[in-house]
Amino acid sequence: MRVFVGVFLAVAVTLTANAQKIPVNYDETKIPAYTLPDPLLVKGKRISTKTAWEKEGRPAVLKMFAEEVYGINPFPPSIKIATEVRGINENALGGKAISKQVTLRFPEISPNLALHVLLYLPKNAQKVPAFVSLNFTGNHTTTKEQDIFVTENWVNAGFDKSYTNNRATEASRGIAERRWPMEAIVARGYAVATAYYGDLEPDHAEGWKTGLRSVLTPEQRDKWGALGVWAWSMSRMVDYLIQNETQIDKNKIIGVGHSRIGKATLWAGAEDPRFAIVVSNDSGEGGAALARRWIGETVEHLNTQFPHWFCANYKKYNKAVSDLPVDQHALLGLMAPRPLYVASATEDTWADPKGEFMSALEAQNVYSLYKKTGLGTEKMPLPNTSIGQTIGYHIREGKHDILIYDWEQYMNFADKHFKIK
Ligand code: GCU
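Note that the structure is a prediction, hence the values are computed from the model and not measured.

(A) Up close: the packing of helix H5 (residues 226–244) against helix H6 (residues 260–271). Taken N-terminus to C-terminus, the directions of H5 and H6 make an angle of 65°; their axes are 8 Å apart at the nearest point. The interaxial crossing formed by H5 with H6 has right-handed handedness. For the pair H5 and H6, contact is made by Leu227, Gly228, Trp230, Ala231 and Met234 and by Arg260, Lys263, Ala264, Thr265, Trp267 and Ala268, respectively. Of the residues that constitute the contact of H5 with H6, the class distribution is seven nonpolar, two polar and two charged.

Structure, rendered in structure tokens:
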């Protein structure tokens with residue numbers, strides 16, 4: 001029996017007893033035959049132009065994902081944000097960057113909600129591109145810089161030995177540093193904005209009670225989910241950057257996320273076209289990987305282990321994945337014509353690297369409407385080889401993680417598309 005489902009921060013995530021009962025397949029030859037729904041076939045009508053896609057196809061596919069998978073965001077697109085600068089360090093990262101810690105509040109929604117953003121800006125640079133992402137363990141874990149506030153919110157005790165009673169302490173400073181190569185990113189002229197993913201919904205079944213979904217009616221709450229809230233958080237970070245940070249080029253914002261945050265990032269990219277590039281790192285099931293491939297994690301595992309992540313409707317497909325009106329290649333198609341990067345890791349079999357690659361390949365049909373070449377090949381590359389044109393892909397040697405190698409590929413890809421020399 002496979003018990004461990006991915007290692008992050010040196011702690012293995014264990015499946016709950018109920019999730020352990022669900023069979024796991026790792027044998028390609030045992031995958032039952034399946035047919036992928038065609039995102040270009042809408043209500044029996046074939047979409048063959050980008051105009052028809054934007055008018056009918058895309059809205060229909062987006063609606064299916066909202067209603068059946070990630071949930072319906074009940075808030076209007078324009079939300080008032082009150083900002084409070086908690087700290088500025090003009091000499092961050094050994095003098096190479098400016099760091100800012102800014103709290104975003106949403107007075108029209110509730111006085112109790114706060115999204116704490118940590119921003120690193122390269123010094124003396126104008127109109128820089130910026131990565132927007134969430135972190136698993138608190139802003140203070142992304143760096144050892146001593147002035148970064150330790151998160152006071154609920155944290156997952158399984159993510160670090162020092163987390164007691166689901167609270168972080170000084171002992172966790174920098175534990176996720178390897179995932180956040182801030183110096184290297186800033187040195188290449190990119191800004192990074194990150195926030196703790198649990199700020200607006202702590203990641204457990206009751207987390208909604210202290211988060212954004214607490215203000216909703218039970219019906220609205222079930223129609224949305226934690227992944228939707230995390231995607232919403234990323235969009236509010238974009239609002240903040242566009243409205244307040246003139247050093248950032250608002251047309252060069254890149255959404256990036258690892259694993260569950262990769263799933264949220266793809267959904268954020270689908271809902272919010274201001275993400276000029278979208279990057280999925282090891283997002284797996286419910287992210288880039290094709291749901292219909294019975295290999296590694298399944299929809300049933302997801303909904304059993306993490307019942308709060310998706311909308312209530314998604315549970316209908318636990319044992320009937322072929323009834324889903326969409327599959328994940330259609331989600332990737334929602335990024336078109338924007339550049340999209342999908343990355344896997346060789347040991348991350350739980351996330352189905354091949355299924356991630358295949359869905360990136362299938363997304364070509366939507367990119368073709370814009371005369372864009374996606375991956376440009378049907379062959380999965382060797383490890384540590386970045387391929388692709390408007391859709392990039394690599395499979396890094398090693399474990400489920402996001403490391404400097406991954407970031408380097410994302411920066412190379414962004415340099416190419418933003419025409420940065
Ligand atoms: C678990 C989960 C995955 C998820 C991962 C992560 O392994 O099953 O779906 O992507 O956690 O977020 O690291």
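(B) The pairing of strand E5 (residues 82–92), seen in detail. Bridge count between E5 and strand E6 (residues 97–106): eight bridges; the pairing is antiparallel. Bridged to Ala92 within E6 is Ala97. Hairpin connection from E5 to E6: four residues lie between these consecutive antiparallel strands, with Leu93 at a positive phi of about 45°.

(C) Unusual backbone geometry, seen in detail. Between Ala336 and the following residue, Pro337, the backbone shows a cis peptide bond with an omega angle of 0°. Within the secondary structure layout, Pro337 lies in the loop between helix H8 (328–333) and strand E12 (340–345). Phi angles above zero are rare outside glycine, and Asn124 is one such case at about 55°. In this fold, Asn124 is placed in the loop between strand E7 (110–122) and strand E8 (128–135). Residue classification places Asn124 among the exposed residues on the basis of a relative accessible area of 78%. Positioned with a positive phi, Ser259 is a non-glycine residue whose angle comes to about 60°. You can see Ser259 is positioned in the loop between strand E10 (248–258) and H6.

(D) Representation of the nonpolar core in the model. Counting 98 residues, the largest nonpolar core has Phe65 and Phe106 as the members making the most contacts within it. Ranked by the residues each element gives to this core, the list is headed by H5, at 11 residues. Excluding residues that lie within four positions of it along the chain, Phe65 makes contacts with Tyr70, Gly71, Trp267, Val326, Asp327, Gln328, Ala330, Leu331 and Leu334. If you look at the next biggest cluster of nonpolar residues, it comprises 28 residues, including Trp180, Met182, Ile185 and Phe418.

(E) The arrangement of the packing of aromatic side chains in detail. Taken as a whole, this structure holds 19 aromatic pairs when the rule is applied. Seen in terms of ring centroids, Tyr196 and Tyr197 are 5.7 Å apart; in terms of plane orientation they differ by 85°. Their pairing is edge-to-face. With respect to class, Tyr196 is no different from Tyr197; both count as buried. Between the aromatic rings of Tyr341 and Tyr410, the centroid separation amounts to 5.1 Å while the plane-to-plane angle is 75°, which identifies the pairing as edge-to-face. Of this pair, Tyr341 sits in strand E12 while Tyr410 sits in helix H11 (residues 404–418), placing them 69 residues apart in sequence. Each member of the aromatic cluster is reached from another via a ring pair, and the members are Phe136, Phe159, Tyr196, Tyr197, Trp230, Phe306 and Trp309. Here the guanidinium or amino end of Arg236 rests over the ring plane of Trp232, the centre of that ring lying 4.8 Å away.

(F) The arrangement of the packing of helix H2 (residues 50–70) against H6 in detail. Here H2 crosses H6 at 145°, and the two axes come no closer than 11 Å. Judged by the sense of rotation from one axis to the other, the crossing of H2 with H6 is left-handed. Counting all contacts with H2, which are made through Arg58, Leu62, Phe65, Ala66 and Tyr70, the residues of H6 involved are Lys263, Trp267, Gly269, Ala270 and Glu271. Per-class residue counts for the contact of H2 with H6 are six nonpolar, one polar and three charged.

(G) Representation of the site of the ligand. Not every one of the 12 residues close to the ligand is listed here, only the nearest: Ser259, Arg260, Lys263, Glu297 and Trp350. One of the side-chain nitrogen or oxygen atoms of Lys263 is found 2.8 Å away from an oxygen atom of the ligand. Note that an oxygen atom of the ligand is positioned 2.6 Å from one of the side-chain N or O atoms of Glu297. When the free accessible area of the ligand is taken as 320 Å², the share hidden by the protein chains comes to 97%. Mapped by element, the contributors of at least two residues to the shell around the ligand are strand E1 (4–8) and H6. Class assignment of the residues belonging to the shell around the ligand gives a composition of seven nonpolar, two polar and three charged.

(H) Looking closely at empty space enclosed by the protein. All chains considered together, the criterion is met by two cavities of 30 Å³ or more. Counted as a void, the second largest cavity has a volume near 110 Å³. In this structure, the second largest cavity is lined by 14 residues; those nearest its centre are Leu134, Arg179, Trp180, His258 and Ile402. Those elements that provide at least two residues to the lining of the second largest cavity are E8 and E10. The class makeup of the residues in the lining of the second largest cavity is eight nonpolar, five polar and one charged.

Rules and cut-offs
Residues numbered from 1 in each chain as written. Predicted model: local features only at pLDDT ≥ 70, side-chain atom pairs only at ≥ 80, totals over all residues. Heavy atoms only, no water. Axes fitted to C-alpha atoms, helices over the stretch in contact; angles between N-to-C directions. Helix = DSSP H or I, 4+ residues; strand = E, 2+ residues; numbered from the N terminus. Left-handed = near helix turned anticlockwise from the far one by under 90°. Contact = heavy atoms within 4.5 Å. Nonpolar A, V, L, I, M, F, W, Y, C, P; charged D, E, K, R; others polar. Pairing = 2+ DSSP bridges. Buried < 20%, exposed > 50% of the residue type's maximum accessible area, 1.4 Å probe, protein only. Core = buried A, V, L, I, M, F, W, Y, C linked by side-chain atoms within 4.5 Å. Phe/Tyr/Trp six-rings, centres within 6.5 Å; stacked < 30°, edge-to-face > 60°. Lys NZ or Arg CZ within 6 Å of the ring centre and 35° of its normal. Near = heavy atom within 4 Å. Polar contact = N/O pair within 3.5 Å; in protein donor to acceptor, adjacent residues only side chain to side chain. Areas by Shrake-Rupley, 256 points an atom, 1.4 Å probe, with all protein chains shown as cover. 1 Å grid on protein atoms, 1.4 Å probe; cavity = no way out; pocket = protein on both sides within 12 Å on 5 of 7 lines; lining within 4 Å. Points joined across faces, edges and corners; volume = space filled by probe spheres on them.

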